[in-house]
Amino acid sequence: MQTILTGVRVNEEPTLGNFLGAYLPMIRLAAEHGADSHINMFIPDLHSFTTPIDHSKLYRQVINGIKYYIAAGLDATAPNVHIYRQSRVPAHSELCWILDCFTSFGEASRMTQFKEKSSDSNNTFVSVGLFNYPVLMAADILLYDAYHIPLGEDQFQHLELARNVAIRFNHKFQQDVFTVPASEAEQIKFMHLENGLRIRSLTEPQKKMSKSNPNDKSKINLNDRPEEASKKIMSATTDSVGTIRFDMINQPGISNLLQIEALINNRPLQDVISDWAGQTSYGDLKRKVADSVAHFLADFQERLADIDDATVEQILAQDETYANEVANRKLHQVQRIVGLRKA
Ligand code: ATP
Ligand code: MG
């Protein structure tokens, strides 16, 4: 049975970008493949403080993160759906260390996300954890032999690193120890997309929407009040072209709104583009998208309020036992191969 795996870090409130780029594809894939694949949707809580956070909030954010998966539509009771916290499966950290020694400093240094985040003036402390996080991500994936990893476009370089490390390790020990995850092109096809998804910042649409962006107007948080979110859409940065067209290079703000409108209503992007083709009122488009986003948030938040902590605890108790079994099996195999355990 194949494994499909994804996780969303919970350092800050998740955004609409996370929802459309990671939650939604995974939930659709779970519905499509859940009968014959394992669906691992975990919370990468060890990734949460690669950049500085308020630790007093972390535990709550993790529990909420799990509620978000369920509110987004993941059927946590389905037998093949597994929800777990990375920190409760120690094999992730242990495999990370082993993989660190099979990852070159040069290849880790090439990660654009590290370069961007380490040079960001808002980031007051550049940790070794931030540098090392793609290797931990490789461990998250390789421990479970996951082949399909639904991700946003920003994570493809890290996925490529996981593939390279797996190939290198298998080659060195002349065994198929790790399943090599599918290539970027295959992942995109599997998600039924034409390109990797990149929802843009509302204030600087040439950049992606990021939950760690301190400018609250740049992003729709999943806990924004619907009317607050509408206002952010209404004041989104656009352009001076004056015609509605899908053109991410020259009109990224308008294109982003068209993209959000399509994804949130589960409509083909081409249909939404045709609806608005040639129209000139950016205000009308913003109002339509603002309404769609407000409706979506109201529904989502209502579902979220219905999920209690006890339900989450129960799911975790069961699924973390499963995750430890699977992950330890792989870790022990690796430990035997590298000489840490009797072969
Ligand atoms: P941070 O700013 O802390 O890095 P983030 O918003 O980039 O937060 P991540 O935790 O890094 O979120 O990523 C979680 C998942 O959400 C990944 O699969 C990532 O590809 C996806 N994702 C993040 N931002 C976007 C976006 N703007 N569009 C589409 N997918 C996104
Ligand atoms: Mg990110």
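Residues numbered from 1 in each chain as written. Chains lettered and ligands numbered in written order. Predicted model: local features only at pLDDT ≥ 70, side-chain atom pairs only at ≥ 80, totals over all residues. Heavy atoms only, no water.

Student: How should the domain arrangement of the chain be read in this particular structure?
Tutor: Interface size is commonly expressed as the accessible area that is lost once the parts come together. Looking at the assigned domains, one finds that the chain contains domain 1 (2-192 + 309-338) and domain 2 (216-305). The C-alpha-based centres of domain 1 and domain 2 are spaced at 29 Å. Taken together, the contacts link 12 residues of domain 1 with 14 residues of domain 2. Counting each side, the surface lost to burial between domain 1 and domain 2 is near 1,300 Å², with a carbon and sulfur contribution of 73%. Looking only at domain 1, the three residues that lose the most surface to domain 2 are Leu16, Leu20 and Ala71, adding up to 42% of its buried area. Summed over the shared surface of domain 1 and domain 2, the result is 0 salt bridges. The interface formed by domain 1 and domain 2 includes 5 residue pairs in polar contact (both at pLDDT 80 or more). For the side of domain 1 that touches domain 2, the elements supplying multiple residues, two or more each, are α1 (16-33) and α2 (58-71). (Domains from an automatic or database assignment. Contact = heavy atoms within 4.5 Å. Buried area = accessible area lost by both parts, 1.4 Å probe. Salt bridge = Lys/Arg side-chain N within 4 Å of Asp/Glu carboxyl O. Polar contact = N/O pair within 3.5 Å; in protein donor to acceptor, adjacent residues only side chain to side chain. Helix = DSSP H or I, 4+ residues; strand = E, 2+ residues; numbered from the N terminus.)

Student: Is there a simple way to think about helix α9 (residues 226-234) in this case?
Tutor: Since one α-helical turn is 3.6 residues long, residues separated by three or four positions face the same way. All of the buried residues along α9 are Pro226, Ala229, Ser230, Lys232 and Ile233. Projected onto a plane normal to the axis of α9, the buried residues spread over an arc of 160° and lie on a single side. Contacts from the buried residues of α9 go to α10 (252-264) and α12 (282-305). (Buried < 20%, exposed > 50% of the residue type's maximum accessible area, 1.4 Å probe, protein only. Arc of directions from axis to C-beta.)

Student: Help me understand the site of ligand 1 in this model?
Tutor: In the vicinity of ligand 1 there are 20 residues, among which Arg9, Lys117, Gly152, Lys208 and Ser212 approach most closely. Here Gly17 contributes a backbone N or O atom positioned 3.4 Å from a nitrogen atom of ligand 1. Counting residues per element, the shell around ligand 1 draws most heavily on α1, at 4 residues. The residue inventory of the shell around ligand 1, partitioned by class, reads 6 nonpolar, 8 polar and 6 charged. (Near = heavy atom within 4 Å. Nonpolar A, V, L, I, M, F, W, Y, C, P; charged D, E, K, R; others polar.)

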